[in-house]
Each structure stands twice: as structure tokens, then as C-alpha cells.
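Structural overview for review
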Amino acid sequence: MDIPTPAEFFGFAMGAEGKLAAYPDVLEYLGLIAEKSDRVDYEAVGETTMGNEYGTAYISSPANLDRLDRLVEINQQLSDPRNTSEDEARALAKEGVPFYYLEATVHSTEVGNGQAINDIVYRLATEDSTFTETVLNNSVIVLVPSQNPDGQRLVVDHFNKTAGTKYNRTYPDLYHKYTGHDDNRDWTMFTQVEARYRLDLMKKLRPAVVHIMHQQGNSGERIFVPPYGGITSENVPANMNAASAAIGRHAARALAAEDKTGVGNEGYDIFWTLEQPVGYFPFTGSAVYLSEIAGAKDLAYPQVSVDGGPLGPQQAIQSMIEPYDKSTWTLADIVSYANTATYAGMEYTAQNGEQLLYDNLYEVPREFMTEGVDSGTYAFVVDAKQRDPYATYEMLERLEWTQVEMHRATAPFTAGGRNYGAGSYVIKMKQPLGNWAHQVLGKDIYPEVRLCDTCPVLLPYAESTTSLPLQLGVDVAEVMQEFSAELEPVESVEVPEVEMPADPGTRGAYLVRPESYGTIQIVSALQDARIPTFRSADSFRSAGAEFPAGTYVIRATPQARSVLETVSAKVGLPVATAPRSPRVDGLNLKPKTRVGLFRGIGNMPGGWDMWLFDQYGINYDVVAAQDFQGKSLNDLYDTILLPHGISKADIVEGLDPEKYGPDYSWAYGVGDKGWRKLQQFVRKGGTLLAVGNSVGTAKELLDLPIEEALPDDENEFVTGGSLLNQDFDTDNPVAWGMPDSWPVWLYDTQAWNVTDDSAEVVSSYPAQGDVLASGYLRGEDHIRGASNVVSFDVGKGQVVTYGSEVTFRSLPRSTFNLVFNALYAGPAEEVNPDQFAELQPQFTDTGAPLAD
């Protein structure tokens, strides 16, 4: 076949010190092998966020590749027990072979696995042995060479580019444009195209085993394999957990047989929520095999013990029987461990294919279809009447993406003692993916479990709840008892249809309600078109309807009508009319409000906020060090947002120019002078928003009158990433459109006590009643009555602080408006009813300002 070895193709062996194969070269190598070998096929799936190729290789025997469509069909039939009997399933399991889904470098600095796959593909494509015959004849390997190709380009290209220079070899910024390391925490909303590619592959192929190749820090065991630690959700199938543990034990034996020591298990708690690498597929029955290998120094250089002794923990325990026995750990070691662990997973899958196909792909969905979920829930009901139709659409769309069966009521009905109208949605739990539906629709009460009386509580990695209704702001009821209703299947989820009302005339106005977070897309379009937009500070009535404070009022012009008609149809939010503009106090929004995002280099919350601004059309720029060189920040920005994770050191010291070149100069420090310029920005009329632990930065910057309310001791207070109830002052412009109460997301950030009456509390945790809405909370008395969102007047400007991460990974969308409102409210002009009436004639019929 004349296929070059990896060393021959790349010019160095995989794992060679200081050498990394670039992603485009890896794809070229896979394509070459596919061209020359009848055991390998390659296809491009699509383009990534930054325009790179997301590819997939299929590796198996020629006979299996020839019948690949039939093998996929078998997996689909097995995963649909409605149309497949037990006898048929057993026959299909005999006929088919399991798919082994192998995914590398979702985290792009974990480079060793991206090198190892070249060795793995070469061996399977060229070697004739008992091992390769077993694997190729009895399984199909589906290789995703990188779940994050953009990151591979960024990290490896930077590493190679800086060879022989004075600069650091490790890439300093996010290795995904928006999510960085969080790119494997996107498994409920599927915001990124790469996550949707993976989801589509899962749904199409139904792999029996999913092997996710990771690396970890270099202070612990050399490799971690299943079984896993922590607490398991009741919605995770037992068969899946058992299969994962069996694969991990098989891998541990294979590693031991090759004298590879430092093998551990019981690592991450990945089966309570979905934020770690598992996501959707274990709920389908796929066995999740996670391997985590210790990293090297600066990606590709040896880690050497400081004291000359062996690396890693040295006490033999049941979860790591043989400690690592060497003082050095290299990239070649990483590649070798990755190869062994992967070959073991493939071998187990090929040797146990029939069992995996029947017990996991068939039995798991059949169990939930026939028995329902362990909680005994009959169904979830989504009321047809929702305060945010766009949020409802987004939630239902994600259920559709993940193949949850939904029904729509064609007539009114009663369920759980509550009346529902026609058009309400019913999601029954007795369906193949009832466990997934329960996981994302239900509320969570995370159990308090300790391994001993004095041991700490077993906390989740970062999230103790995945409740989409609470995160998005959708009214969903969990109904335990069976009920009757006239239902029709939902064939597809569509944006609600809306019709533009009749033109109210030149003295009239268009009205847009403020409750939906989707409304900001309408506002952004109005801003882009420079169409004057007013917000009412009080509620009012028009044409027999009540409109709340914060309602958007837009003069009825042809240009305004065109913009509103287009964008309202996109988000499914209705536009109303008034024959005359309401006579109320309010705000006149500044056209083309200039927003600055101080995202911070390598700061994931800043990346997520950048995605949020791009997604919703916010007119923003990333604040750069060069911006501080001018006379005033006020010349550039009206509002600046500090995402969670921005400290004074990030602003003043920034990135070291001696370690990172001019390409990263935007992230250099601005010094004490720049710090003072940020102070002046606010005092001279700018608006500053600070989220999460950046509240402490804003407090230090401007001496804000607030004090931390929560203790640092986790024995006194901890949430583990939860949704906590919140009361809102909906008369405050920052909270316009919010309900009187709704949960907010809190994870590892502060609540605050206000020490000066000059501050306005926008939202606070309840002083009485339940604080926890979903997840886990210890020490609720510490947070009772404490403030979350607070507004301050500072000089001529405004500061708004958000103790909780109101934009955490784009998930708590019900609180997005707290940010959107503040972006525009600070720079807006306050007007009374007479002043607003006077504003109207200042604009032409096209909506453009008249010339002076």
C-alpha cells in the first residue's frame, strides 16, 4: 500500500520532544491514508467557527466500510424500540458491529492525543495482526481528529511559530473563539457549531462506545480511566455506567501488562450534570470512556521531578494500585499511554460488540420507553401562555435537536390540578429519551453525600443543575399523575408566527414589550439603523392593553416598520401599536450606543460574553490596551463591561510583552495611568458593568459602598453551581421586563451587603422562604436578603454590579436582560412626558434625525 509512517510523513516520530504535527498536516495525512487504504474513509463534515475543516475518518474492514449504510441503519433500528421487537433486536445485534467513536483534542492544549491518533490510524490501516483483524472485522472506528480544529490551529501554530524565539511557546488566549476550555460544556444549548456537528454524528451513527481523549494537570496520576467517581444522576442508564467501568478496567489491565504505572480511576464526577465531556450521548446508551493523561511541560517538553524522585502520588491505593515509578514524563510517554488506552478500548468493544449493541443501544431506550424515569414523573407540560415566547421556542428547539418526542394539545385539558389551553406542549417520560428529557426539564436537588463523617461533601465539578426551564425563563410543570388530553405529535419546532399590525399613522407609535431576552435583537437592529427608540419608565395602557415599564416605543415611520417587521418575525415576538405615543417618563436610547467588552486574554467568561454580543447583534468592540493611550475612554465607549474573571492585575499588568509578541499587544497592561483612566471614564459619564468576581474589581476601582456577604469557608456556604431564587425591583431600568421573582445562577461568586443608601438594589436573594430553586445550597442564612445586582451613581456616570454570573456560559438566559438593559440605560437620556412629545417632531418620516 506504500503508506508512509507518521515519522516519514511529518518528519519526526509522534511524541518527539519539542515537535508537534500541525492540524492541516494531520488532515492531509488522514486523507492520504484514506486514498491508499481500503480500511479507511475520510469525509469533511463542515466548517468550524473560524473556517477550519471539521473532519471524520471511518476505519474498519473493507467489508464493513462497504456496508456502512447498513450498519448505521442497524444502529438506528436498535435505538428505536417502538419499531423493533426483542427478537429483532437480538438478530440485529448479531448482524451489526459496534461503532467506537474516538475524539481527540477538544481541549487544544492537550496536544498529545492529537499526535497519538496518527500512530493509531497508521497501525489500523497497515498492520496485519490478530489485534487489527479483531478490531477491523468486529467494529467501526469513527475518528474525529479534533473536536476543536480552530484550537489546534491556534495552539500548535503558535507553538511552531515561536520555536527559536524569546516568546513563550504556549498560546495565551482562548483556544476556541468564544468558549476556550468550556468547549466541552456546551451540551444543552449547543451554541457552537462544533457541538452541533458532534450531536449530529451521535444521532446518525449511534456509537456503542464514545472515547474522549483528554489530558490533565501533571501533578497527579499519569492516566485516569473509568470507573468514575462522584454522584450519578438517576437519569443516567445503569447499563451505560457498567459498560464504561468495564472498558476502563480492561484499559487498566492493558496498561499494567505493558508496565505503564500511575494508572488511576474514580476521577471526575461526570454523570450528575452535563457540563463535563459527556453531554447527550450517555443518555442514549453509549458507553462513555474518558481517558485523562498527565500533561508535559510547555506542551511538548519533559516534566522532570524537582527532587529526583518519581512523579505523582506515591501511596498505592485501590484507585491507583501502582504509582508511577519514574522521575521524568515526556510527550512520548503521553503518546504511548494514549495508544495503549485506545487500543484497549477498541479491543474491548470489538470483543463485546453484540452485548454492547443489545444491552446499551437497545435496552437503554426500551427501559425508559416502557418503564419511564425513576422519579415516577408522567410528563412535563409547557403552558401555551408564556411571558417569553422566544425562550419557549429555544427550549423546545433544543429538545427537538436531541430527539425528544413532544406533543401539542389540540384542545384545553387539565393536568396536575392545573388548566392548560390548546397549543400547550406535553413531553411524556415514557419514550426512548425520556431520561434525557427529565434531565434537562426537571429541577434538581443535589444530595449531600460524604464518604465519612468528617469528609467534605461530594460536590459536582461546577454544576449541580441543568434545568433549562429555569435557566431560560419558561413556565414548565412536572406532572406525576397520568392525565388525558387531545394531542398531536410535534413534527417540527418553529419560531412563533407573528403579523405586523396596521400602520398607526404618523402620530402613532410601535410598541415592543420588554419581557423576552429575544427583544434585544429587535433593539440591536433599531440601533444599527439609527432609529430613535424610547423606553417607558412607567406602565401604561394603550388600545385596551397594559404595557409594563421598560416597553420600547418607536415612532411609526416606514423605516421603523421595515426593521420591526423583519426582526420580529425572526424572533417570533409581536409588535403592537398605539395611536399616539404614551405620555410617560422614560429614556431616549442613544443611537449606536458604543459598547466596550474588556474580555481579558484567555478569560472564558469574556469569550462567552463576546459570543452573546455577536449572537444578539450588540454594537461592541473588545477593549484593547491601545484604547487607553488616547485622551479619554469616553471618546470611544459609552458602556464598558467587565466580565467575570477580570482583576486589577489583568487591567494594570496584563500580558507580559517580554513573553508574548505584538500580535497580543491588545492584552498588554495599561499601568496605573490606565487604571485611573477607567475611573475617569465612569466619573465623566460612562457606564461600567461588572459581573461575578469582577464586582470586587469595580469596588476597588471606585470605592463602591458594598461588602462581601458570603464566607469563604465551604463548610459554611457553598452552592456547587445552582439556581437561587431572586427578587427584582422591576421599576429599576436595569430590571425592566424581569418578573418580580425568578432564579439566578450562582457558582463560586459573591453576594453583597450595601453599606450606603445611595446605592440602588436591583435584585436580592429572598429574606424569607426558599432560597434554593434547583441544585445544591448549604448555608442559606448567609445569603438571605443579600444583594445581587446593585446600581450606583458615580460622578456623572453609572456602575452596575452583578454578584452572580448572569451570563454564565450563555445558559441563564432569563437574566440576560439585566445586562442588555444596563448597556443602553446608562448612556440614555432621561425625558419626561412633555420632553418625549417634543422629541417626536425632530425626526423625519424615514426615522432619520433632521439636520441641524
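Everything discussed here concerns the structure shown above.
Residues numbered from 1 in each chain as written. Predicted model: local features only at pLDDT ≥ 70, side-chain atom pairs only at ≥ 80, totals over all residues. Heavy atoms only, no water.

Moving on to the overall build of the protein chain. Helix and strand content of the protein chain: 23 helices and 38 strands. Expressed along its principal axes, the backbone C-alpha trace of the protein chain runs to roughly 85 × 70 × 60 Å. In the protein chain, buried positions account for 60% of the 852 residues. Across the protein chain, the fraction of contacts at a sequence separation of at least 24, relative to all contacts at a separation of at least 6, is 79%. Taken as a whole, the protein chain presents about 31900 Å² of accessible surface, with 45% of it coming from carbon and sulfur. (Helix = DSSP H or I, 4+ residues; strand = E, 2+ residues; numbered from the N terminus. Buried < 20%, exposed > 50% of the residue type's maximum accessible area, 1.4 Å probe, protein only. Contact = heavy atoms within 4.5 Å. Areas by Shrake-Rupley, 256 points an atom, 1.4 Å probe, with all protein chains shown as cover.)

So, on to the state of the cysteines. In total, this model carries one disulfide according to the counting rule given. At a sulfur-sulfur separation of 1.9 Å, the disulfide partner of Cys452 is Cys455. Here the S-S torsion is close to 100°, and the disulfide linking Cys452 with Cys455 is therefore right-handed. (Disulfide = S-S within 2.5 Å.)

We now examine a negative patch on the surface. A surface patch of negative charge is lined by Asp538, Asp585, Asp729, Asp731, Glu760, Asp793 and Glu830. The topology assignment puts Asp538 in the loop between β19 (534-536) and β20 (540-542). On the accessibility criterion, Asp538 (37% relative accessible area) is partly exposed. (Patch = residues over 30% accessible without salt bridge, like charges linked within 9 Å, V, L, I, M, F, W, Y side chains within 5 Å. Salt bridge = Lys/Arg side-chain N within 4 Å of Asp/Glu carboxyl O. Lys, Arg positive; Asp, Glu negative; His and termini not counted. Charge placed at Lys NZ, Arg CZ, Asp CG, Glu CD.)

Scanning the entire structure with this criterion turns up 32 aromatic pairs. Considering the side-chain rings of Tyr390 and Tyr393, the 6.1 Å spacing of their centres and the 40° angle between planes classify their relative orientation as tilted. Residue Tyr390 and its partner Tyr393 are located together in helix α13 (residues 389-401), separated by three residues, close to a single helical turn. With respect to class, Tyr390 is no different from Tyr393; both count as buried. (Phe/Tyr/Trp six-rings, centres within 6.5 Å; stacked < 30°, edge-to-face > 60°.)

With that settled, the discussion passes to the pairing of strand β5 (residues 209-216). Burial analysis of β5 places eight of its eight residues in the buried class, which makes it a mostly covered element. The alternating pattern of β5 places Val209, His211, Met213 and Gln215 and Val210, Ile212, His214 and Gln216 on opposite faces, both of which are buried. Across four bridges, the pairing between strand β3 (residues 99-103) and β5 is parallel. Across the sheet, Glu103 pairs through a bridge with Ile212, a residue of β5. Across eight bridges, the pairing between β5 and strand β8 (residues 287-294) is parallel. (Pairing = 2+ DSSP bridges.)

Checked against the element boundaries, Glu103 lands in strand β3. A polar atom in the side chain of Glu103 sits 2.7 Å from the side chain of Arg198. (Polar contact = N/O pair within 3.5 Å; in protein donor to acceptor, adjacent residues only side chain to side chain.)

What follows concerns the pattern of salt bridges. For side chains of opposite charge, pairing can occur when their charged atoms come near one another. In total, this model carries 36 salt bridges according to the counting rule given. A salt bridge links Glu394 to Arg813; the shortest N-O distance between them is 2.8 Å. With Glu394 in helix α13 and Arg813 in the loop between β37 (797-802) and α22 (816-825), this residue pair connects regions lying 419 residues apart in the sequence. For the salt bridge of Glu488 with Arg408, the shortest nitrogen-to-oxygen distance reads 3.2 Å. Here Glu488, found in strand β17 (residues 487-489), pairs with Arg408, found in strand β12 (residues 407-409); they are 80 residues apart in sequence, far enough to count as distant.

The next point concerns α22. Counting buried positions along α22 yields ten of ten residues, so the element is predominantly enclosed. Listed in full, the buried residues belonging to α22 are Phe816, Asn817, Leu818, Val819, Phe820, Asn821, Ala822, Leu823, Tyr824 and Ala825.

Before going further, it helps to spend a moment on the sheet that holds strand β38 (residues 829-831). Pairing between the strands of a sheet comes from backbone hydrogen bonds, and it takes one of two forms, parallel or antiparallel. With antiparallel pairing, six strands are arranged side by side in an open sheet as β23-β18-β22-β19-β24-β38. Edge positions in the open sheet fall to β23 (576-578) and β38, since each of these has one partner strand only. Across this sheet, the average inter-strand angle for adjacent strands is 30°, counted without regard to direction. With three bridges connecting them, strand β24 (residues 586-588) and β38 associate as antiparallel partners. Residue pairing across strands places Leu587 opposite Glu830, the latter belonging to β38. (Axes fitted to C-alpha atoms, helices over the stretch in contact; angles between N-to-C directions.)

Its place among the elements puts Lys684 in the loop between α20 (671-683) and β28 (687-691). Given the relative accessible area of 49%, Lys684 is considered partly exposed. Taking the C-alpha atoms as reference, Lys684 lies 9.7 Å from Gln798; in sequence the two are 114 residues apart. Dropping the residues within four chain positions of it, Lys684 is found in contact with Ser632, Asn634 and Lys796.

Here we come to unusual backbone geometry. Cis rather than trans, the peptide bond between Pro226 and Pro227 has omega equal to 10°. Note that Pro227 resides in the loop between β6 (223-224) and α10 (238-257). Within the chain, Leu299 stands out as a residue other than glycine whose phi angle is a positive 75°. Inspection of the secondary structure assignment puts Leu299 in the loop between β8 and β9 (303-304). Even without being a glycine, Asp703 presents a positive backbone phi close to 55°. Its place among the elements puts Asp703 in the loop between α21 (694-702) and β29 (706-708). Note on Asp703: relative accessible area 66%, which makes it exposed.

These figures come from the coordinates and say nothing about function on their own.
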